[in-house]
Amino acid sequence: MELLKEIWAFMRVRKKFWLAPIIISLLLLGLLFFFAGQAGVVSPFIYAL
């Protein structure tokens, strides 16, 4: 949680709000890859993408 607070403070102070969609999409992509390796049920759907 501390890392998220620091990232938010960085974006707020330096007015870099355009980084938010990039960071969110990278986090979602990382979660997708993580769950692809964990669950065999989700894998065929991810490989189709």
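Residues numbered from 1 in each chain as written. Predicted model: local features only at pLDDT ≥ 70, side-chain atom pairs only at ≥ 80, totals over all residues. Heavy atoms only, no water.

This brings us to the overall build of the chain. Across its full length, the chain holds three helices and zero strands. When the helices and strands of the chain are placed in sequence order, the string is α-α-α. Residues classed as buried in the chain amount to 10% of the 49 residues present. Only carbon and sulfur atoms are counted for the fraction: they give 75% of the accessible area of the chain, which is about 4,400 Å². (Helix = DSSP H or I, 4+ residues; strand = E, 2+ residues; numbered from the N terminus. Buried < 20%, exposed > 50% of the residue type's maximum accessible area, 1.4 Å probe, protein only. Areas by Shrake-Rupley, 256 points an atom, 1.4 Å probe, with all protein chains shown as cover.)

With that out of the way, let us pick up the environment of tryptophan 8. Along the chain, tryptophan 8 falls in helix 1 (residues 2-14). Sequence separation between tryptophan 8 and alanine 20 is 12 residues, and the spatial gap between their C-alpha atoms is 8.7 Å.

Looking now at the packing of aromatic side chains. Taken as a whole and assessed by the stated rule, the structure comprises one aromatic pair. Ring centres of tryptophan 8 and phenylalanine 17 lie 5.8 Å apart, and the angle between their planes is 55°; on these two criteria the pair is classed as tilted. The class of phenylalanine 17 is partly exposed, set by a relative accessible area of 40%. (Phe/Tyr/Trp six-rings, centres within 6.5 Å; stacked < 30°, edge-to-face > 60°.)

Right, let's get into a nonpolar patch on the surface. Side chains of Ile24, Leu28, Leu31, Phe34 and Phe35 sit close together on the surface and give an oily, nonpolar patch of about 510 Å² of accessible area. Using a relative accessible area of 44% as the deciding quantity, one classes leucine 31 as partly exposed. (Patch = residues over 30% accessible without salt bridge, like charges linked within 9 Å, V, L, I, M, F, W, Y side chains within 5 Å. Salt bridge = Lys/Arg side-chain N within 4 Å of Asp/Glu carboxyl O.)

Summing up the model confidence of the chain, the mean pLDDT is 81 and the portion of residues at 70 or higher is 76%. Across the chain, element-level confidence peaks in helix 1 with a mean pLDDT of 89 and bottoms out in helix 3 (residues 43-48) with 66. (pLDDT = per-residue confidence, 0-100.)

A separate point is unusual backbone geometry. Backbone phi values are negative for most residues with the exception of glycine, while trans is the configuration of most peptide bonds. For lysine 15, which is not glycine, the phi torsion reads 55° and is therefore positive. Tracing the sequence through the fold places lysine 15 in the loop between helix 1 and helix 2 (19-38).

Now for the environment of phenylalanine 10. As for its position among the elements, phenylalanine 10 is in helix 1. On the accessibility criterion, phenylalanine 10 (34% relative accessible area) is partly exposed. Those residues in contact with phenylalanine 10 that sit more than four places away from it in its chain are Lys16 and Leu19. (Contact = heavy atoms within 4.5 Å.)

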